[in-house]
Amino acid sequence: MTAREAAPGCWYVEGLSALGSPANQNFISNAGFIVTSAGVVVIDALGSPALAERLLAEIAKVTPQKVTHVVLTHYHADHVYGLQVFERLGARIYAHQAGREYLHADTARLRLEASRKDLAPWIDERTRLVPATEWIDARREITVGDTRLVLQPVGPAHTPEDLAVYVPDKKVLYAGDLVFRSRVPFVGQADSRNWIVSLDKLLAFDAAVVVPGHGPVSTEARKDMQLTRNYLAYLRKTMGQAARDMTPFDEAYKATDWSAYEHLPLFGAANRMNAYNTYLLMEHDPE
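Parameters at a glance
- Residues numbered from 1 in each chain as written.
- Predicted model: local features only at pLDDT ≥ 70, side-chain atom pairs only at ≥ 80, totals over all residues.
- Heavy atoms only, no water.
- Axes fitted to C-alpha atoms, helices over the stretch in contact; angles between N-to-C directions.
- Helix = DSSP H or I, 4+ residues; strand = E, 2+ residues; numbered from the N terminus.
- Parallel < 35°, antiparallel > 145°, perpendicular 65-115°, else oblique.
- Left-handed = near helix turned anticlockwise from the far one by under 90°.
- Contact = heavy atoms within 4.5 Å.
- Expected span 1.5 Å × (residues − 1).
- Buried < 20%, exposed > 50% of the residue type's maximum accessible area, 1.4 Å probe, protein only.
- Arc of directions from axis to C-beta.
- Phe/Tyr/Trp six-rings, centres within 6.5 Å; stacked < 30°, edge-to-face > 60°.
- Pairing = 2+ DSSP bridges.

S.K.: What's the story with the packing of helix α7 (residues 221-244) against helix α9 (residues 267-284) in this structure? I'm lost.
M.R.: Between two packed helices, the angle of one axis relative to the other and the distance separating the axes together describe the packing. Packing of α7 against α9 leaves a shortest axis separation of 8 Å and a crossing angle of 55°. Taken together, the axis directions place α7 and α9 in an arrangement best described as oblique. Crossing of α7 against α9: the hand is right-handed. Here Y231, L235, R236, M239, G240, A242 and A243 of α7 come into contact with α9, specifically with N271, N274, A275, T278, Y279, L281, M282 and E283.

Right under this line is the structure:
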């Protein structure tokens, strides 16, 4: 883990393009931090308490300022399992209120139980899910010292609670998992139609630099957001046509030309599942 500066005062650490494992401590997502005159604002808490501690060590190399705020882009495990470390420090935690539903859902409980086995010893019985200090449901601007931040809800898309963070003075956008770079996005149960709409909202910021939820920082923001958008649109087009024609999924998947995306990391791990979930979605919602 190495902190890199995306723009003056705006930093990030880049996770691996891999699946979470004990070998990588679940370090498969990015996190950011913004150094202000009155403290450090962290964007996402990484995928285990040990990783959060490592992030704090990286922050300490950059500034003596303490972490005062944390903003969560969404409540997926690889972004939140380190949150208890920042809660212990007394940081104020912001998240979209739709995250409350996830916190109390069987999905979250079962995922944590599985992670305690699959990601041991980094996730264990002491690892817990942490609620936000402040839940928001609309655009919010906060000022920390000399820095103004825009917290912009952009879901439901990748998750119901997607939240992006924009730093207007630096034209830096922390996009969470609405933007995957240099790897195939994880679509899961996402509402891909709204995800496309949400990417249009992000494009409206006209950011110069985008820190994605996964992959390297982008100085070609429009191009990289367009790649994610085009991938989602292609899934909807191809799997939607198959669903309308009642073509069996396996047959449709084999017949689809994936050449524009099959070179990306995690294509083998994610694409078939993405296509299948989109196929099911389009069966019920063909538009």
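Having seen it, we continue.
S.K.: Even after reading the chapter, I still don't get helix α1 (residues 49-62), so can you show me in this structure?
M.R.: Residues spaced three or four apart along an α-helix face the same direction, because each turn holds 3.6 residues. End to end, α1 covers 20 Å across 14 residues, agreeing with the expected 20 Å (1.5 Å per residue, within 8%). Inspection of α1 places P49, L51, A52, L55, L56, E58 and I59 among the buried residues, and these make up the whole buried set. All buried residues of α1 fall inside an arc of 165° around its axis, so they share one side. Turned more than 90 degrees away from the buried face of α1, the exposed residues are A60 and K61. Buried positions along α1 lie against β2 (10-13), β3 (31-36), β4 (39-43), β5 (67-71) and α3 (83-88).

S.K.: How should the side chain of N26 be read in this particular structure?
M.R.: With respect to the helices, strands and loops of the structure, N26 is situated in the loop between β2 and β3. Assessed through its relative accessible area of 5%, N26 is described here as buried. Residues contacting N26, with those up to four places away along its chain left out, are G20, S21, G47, L51, A77, D78, Y81 and L119.

S.K.: Whenever I open this one, the packing of aromatic side chains confuses me. Can you help?
M.R.: Working definition: an aromatic ring pair is given by the centre-to-centre distance plus the angle between the planes. Scanning the model with the defined rule gives 10 aromatic pairs in all. Measuring from ring centre to ring centre gives 5.7 Å for F249 and Y253, while their planes differ by 40°; the resulting arrangement is tilted. Note that F249 and Y253 are positioned in helix α8 (residues 249-255) at a spacing of four residues, about one turn of the helix. Of the residues examined, F249 reaches a relative accessible area of 10% and is grouped as buried. On the basis of relative accessibility, which here comes to 13%, the residue Y253 falls in the buried class. When the ring of F249 is compared with that of Y276, the centres are 5.1 Å apart and the planes differ by 70°; the resulting orientation is edge-to-face. You can see F249 sitting in helix α8 and its partner Y276 sitting in helix α9, a full 27 residues away along the chain. Joined through ring pairs, the aromatic side chains of Y231, Y234, F249, Y253, W258, Y261, Y276 and Y279 make up one cluster.

S.K.: Would you mind showing me how to read the pairing of strand β10 (residues 163-167) here?
M.R.: Burial runs high along β10: five of the five residues are buried. Residues L163, V165 and V167 of β10 are buried on one face, and the alternating residues A164 and Y166, pointing to the opposite face, are buried as well. Where strand β9 (residues 147-153) and β10 come together, four bridges link them in antiparallel fashion. When the sheet's bridge partners are listed, L151 is paired in β10 with V165. Strand direction decides the pairing type here: β10 and strand β11 (residues 172-180), joined by three bridges, are antiparallel. Within the sheet, the bridge partner assigned to Y166 lies in β11 and is L173. Counting the residues between successive antiparallel strands, the hairpin from β10 to β11 contains four residues, one of them, K171, with a positive phi of roughly 55°.

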